Amino acid sequence: MALKAQVLYDFTAEPGNNELSVRQGETVTVLDQTVGGGWIKAQNSSGQTGLVPEGYLQVGSSGAGESRSVGGAYVSNPTEGWDSQGYMYTQQAGEDDDGEWDDDWDDQSMGGYRGDYQVDEEGGASGASTHGPSVKISLNKFPFSKGPSPEVFLLAKPPANSRDRLPVYMGEVGPVWLYPLAPLDCVIADPKKESKLYGLKSFIEYQITPNTTNRPVNHRYKHFDWLYERLLGKFGSALPIPSLPDKQVTGRFEDDFIRMRMEQLQAWMTRMCRHPVVSQSEVFQLFLTYRDEKEWKAGKRKAERDETVGPMIFSLIEPEAPELDPAEVEQQCELYSRFTKSMDEGVKELLNVGNTHWKRFTGPLPKEYERIGRAFRNLSTVFISSKYPGEETLTDALTAAGKTYEQIAEIVAQQPEKDLHFLLETNNEYKGLLGCFPEIIAVHKAAVKEVDRLVSAGRINSNDRKFMNQRISCMSYSLHAEMNHFHSNRIYDYNRVMQLYLRQQVTFYQQIADKLRGALRQFTTL
């Protein structure tokens, strides 16, 4: 009897890749499970055959003892539940297989970790989890504001490993992160179309060269996506981790799309390189500096089992300044909330105006200049038809003026790529950053409210409250440091992009003025 499989998610086949489009809830026949690379050859009810990602299929019966696909790995009789930090776990008998370097491991990665903190019946933190090796799915990147109680962090013991501590120092502007002596940077270049599964699967691979090693490493978009998920899971409760450029199903191999995608990935990586915490993190360094497949696999496995993720990142914060009063923390949260909200509105307004301006410059405005130019040239043709002696100078000047306006139309149409492009890209970056702050600030506000709730409920004594106030103070210092980093980058970025924009604007209007002066000289003074 042929083996059947239930489709768990919609999948759209990429043309030319021997894939099979399937829809959630559909039943397909499994033809070959040994294809490799995270794929299964299947046949739908219409008789069409092709490759389907194994993570999209649930193979076997639906009764007791069924096999389920969990991120591409099949487990028997999985035991599901919730851990103390709001993560769903699926307990397994053994470690999940890493797969091979190019076997779409990042497509099926669940982005989980093994948490070692639990909340006992009194709301405190107890020892290590009793769960065995498990794959955990983060259903919520901000557990404080939407998930379980903040006391998970507020009462948990800090991790024993001190190597990952995040010190906060008092600078001229207040709390600041520890910045590396040599700033990190990288260059993304040389995109190449590669393939696997004997040419059935194609993808674009980029070369990334960090300034620290000058040794290039290669990554696909899916690898960037894996890095984003790791950074979001680890730092998302404390730092803004902007999203990657969107995925695209069609046109992925067109030159213009590849160029645009590379520009956007470069901007994202540059932003991450400039952050003193993210850039020095182990997972980010791994992404840029791994030496071989073995080192990558080991680092990937370690990153996916990181314990200090979500709100537990605050347990690594070590401020050198005195403890802050919770009321002061709440006041600062409100201040930052108002600023980021107002800036978000201002950025969105500039994006709307800029996009409207771009459309006008590439649409109706050049056409208006072209119409003016044609009108001058048509008038010149009419004047020539009069055969009146001595008017050649005028008709030639009118023709030249018409050509000038047609040339101006070309200059106008090309201008947004030279100035508006960079202004809008910078604002898009900040739109992404600002979109993260409401949740980050909500984490801090929720922690303050949680302490008040526990006190009013009589669940903590004075020593517990003092300890929790210290934790909230650490959280506040991290928010201070992050806002100071944000402000310093904001001043630098907007200074830079406005200078570039205005220089290009000066050049643009100078070109038009020079063209018009040349046309003016064609006309004789009567």
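Here the structure is shown first, and the text comes after it.
The structure displayed is predicted, hence computed values, not measured ones.

Draft legend 1. Inspection of the packing of aromatic side chains at higher detail. All told, the structure shown has 16 aromatic pairs when counted by the stated rule. Ring centres 6.5 Å apart and planes at 70° place the aromatic pair Tyr228 and Trp268 in the edge-to-face group. Of this pair, Tyr228 sits in helix 4 (residues 221-235) while Trp268 is found in helix 5 (residues 255-273), placing the two residues 40 residues apart along the sequence. Considering the side-chain rings of Phe437 and Phe486, the 5.3 Å spacing of their centres and the 80° angle between planes classify their relative orientation as edge-to-face.

Draft legend 2. Representation of the pairing of strand 3 (residues 39-43). Taken together, the 5 bridges between strand 3 and strand 4 (residues 49-53) define a ladder with antiparallel strand orientation. If you follow Gln43 over to strand 4, its bridge partner there is Thr49. Remark: 5 residues form the turn of the hairpin made by strand 3 and strand 4, two consecutive strands paired antiparallel; Gly47 in that turn has positive phi of roughly 90°.

Draft legend 3. View of the sheet that holds strand 14 (residues 174-177). Sheet architecture is open: 3 strands sit in the order 14-13-18, paired in mixed fashion. Among the strands making up the open sheet, the edge pair consists of strand 14 and strand 18 (317-319). Direction aside, neighbouring strands of the sheet carry axes that sit 35° apart on average. As defined by bridge partners, strand 13 (residues 166-171) adjoins strand 18 across 3 bridges and the pair is classed as parallel. Of the residues in strand 18, the one forming a bridge with Pro167 is Glu318. In this fold helix 13 (residues 462-520) packs onto strand 13, strand 14 and strand 18, with an angle of close to 80° to the strand it touches most, strand 14.

Draft legend 4. Representation of the pairing of strand 13 within the structure. Where strand 13 meets strand 14, 4 bridges bridge the pair, whose relative direction is antiparallel. Bridging across to strand 14, Tyr169 finds its partner in Val176. The turn joining strand 13 and strand 14, which pair antiparallel and follow one another in sequence, is formed by 2 residues.

Draft legend 5. Layout of the nonpolar core. If you look at the biggest cluster of nonpolar residues, it comprises 79 residues, and the most contacted ones within it are Phe224, Leu227, Leu231, Ile241, Met269, Phe284 and Leu288. At 12 residues, the largest contribution of residues to this core is made by helix 13. Beyond its immediate chain neighbours, meaning those up to four positions away, Phe284 contacts Leu184, Leu227, Leu231, Met269, Met272, Cys273, Val278 and Ser279. Of all hydrophobic cores here, the second largest spans 14 residues; its members include Leu20, Val22, Leu51 and Leu57.

Draft legend 6. Expanded view of the sheet that holds strand 16 (residues 201-210). Ordered by their spatial adjacency, 3 strands build an open sheet running 15-16-17, and the pairing between neighbours is antiparallel. Both edges of this open sheet fall to strand 15 (186-196) and strand 17 (217-220), since each of them pairs with a single strand only. Averaged over all pairs of adjacent strands, the angle between strand axes in this sheet comes to 30°, irrespective of strand direction. Of the strands in this sheet, strand 15, strand 16 and strand 17 touch helix 4, which is tilted by about 85° from strand 17.

Draft legend 7. Representation of the pattern of salt bridges. Within this structure, the stated rule accounts for 17 salt bridges. In this structure, the salt-bridge partner of Glu263 is Arg259, at a minimum N-O distance of 3.3 Å. Here Glu263 and its partner Arg259 are both found in helix 5, 4 residues apart, which amounts to about one turn of the helix. Salt-bridge contacts for Glu429 lead to Arg271; the nearest nitrogen and oxygen are separated by 2.9 Å. On the criterion of sequence distance, the pair formed by Glu429 in helix 11 (residues 420-434) and Arg271 in helix 5 is long-range, its members being 158 residues apart. For Glu429, a relative accessible area of 24% puts it in the partly exposed group. Connected via shared salt-bridge partners are Arg271, Arg274, Glu429, Asp493 and Arg496.

Draft legend 8. Broad picture of the side chain of Lys234. Structurally, the position occupied by Lys234 is in helix 4. A polar contact of 2.8 Å, which involves the side chain of Lys234, links it to the side chain of Thr308. If near-sequence neighbours (up to four positions away) are discounted, Lys234 is found in contact with Asp306, Thr308, Val309, Gly310 and Ile313.

Draft legend 9. Inspection of the packing of helix 8 (residues 326-362) against helix 9 (residues 364-385) at higher detail. Contact geometry of helix 8 with helix 9 gives a least axis separation of 3 Å together with a crossing angle of 30°. Taken together, the axes of helix 8 and helix 9 are roughly parallel relative to one another. In this structure, helix 8 uses Lys359, Arg360, Phe361 and Thr362 to contact helix 9, whose residues at the interface are Pro364, Leu365 and Pro366.

Draft legend 10. Helix 11, seen in detail. Look at helix 11: 21 Å from first C-alpha to last across 15 residues, which is about the 21 Å you get at 1.5 Å a residue. Those residues of helix 11 not exposed but buried are Leu420, His421, Leu423, Leu424, Thr426, Asn427, Tyr430, Leu433 and Leu434. Taken together, the buried residues of helix 11 touch helix 5, helix 8, helix 10 (392-418), helix 12 (437-456) and helix 13.

Basis of the calculations
Residues numbered from 1 in each chain as written. Predicted model: local features only at pLDDT ≥ 70, side-chain atom pairs only at ≥ 80, totals over all residues. Heavy atoms only, no water. Phe/Tyr/Trp six-rings, centres within 6.5 Å; stacked < 30°, edge-to-face > 60°. Helix = DSSP H or I, 4+ residues; strand = E, 2+ residues; numbered from the N terminus. Pairing = 2+ DSSP bridges. Axes fitted to C-alpha atoms, helices over the stretch in contact; angles between N-to-C directions. Contact = heavy atoms within 4.5 Å. Core = buried A, V, L, I, M, F, W, Y, C linked by side-chain atoms within 4.5 Å. Buried < 20%, exposed > 50% of the residue type's maximum accessible area, 1.4 Å probe, protein only. Salt bridge = Lys/Arg side-chain N within 4 Å of Asp/Glu carboxyl O. Polar contact = N/O pair within 3.5 Å; in protein donor to acceptor, adjacent residues only side chain to side chain. Parallel < 35°, antiparallel > 145°, perpendicular 65-115°, else oblique. Expected span 1.5 Å × (residues − 1).

Keep in mind these values describe shape, not function.
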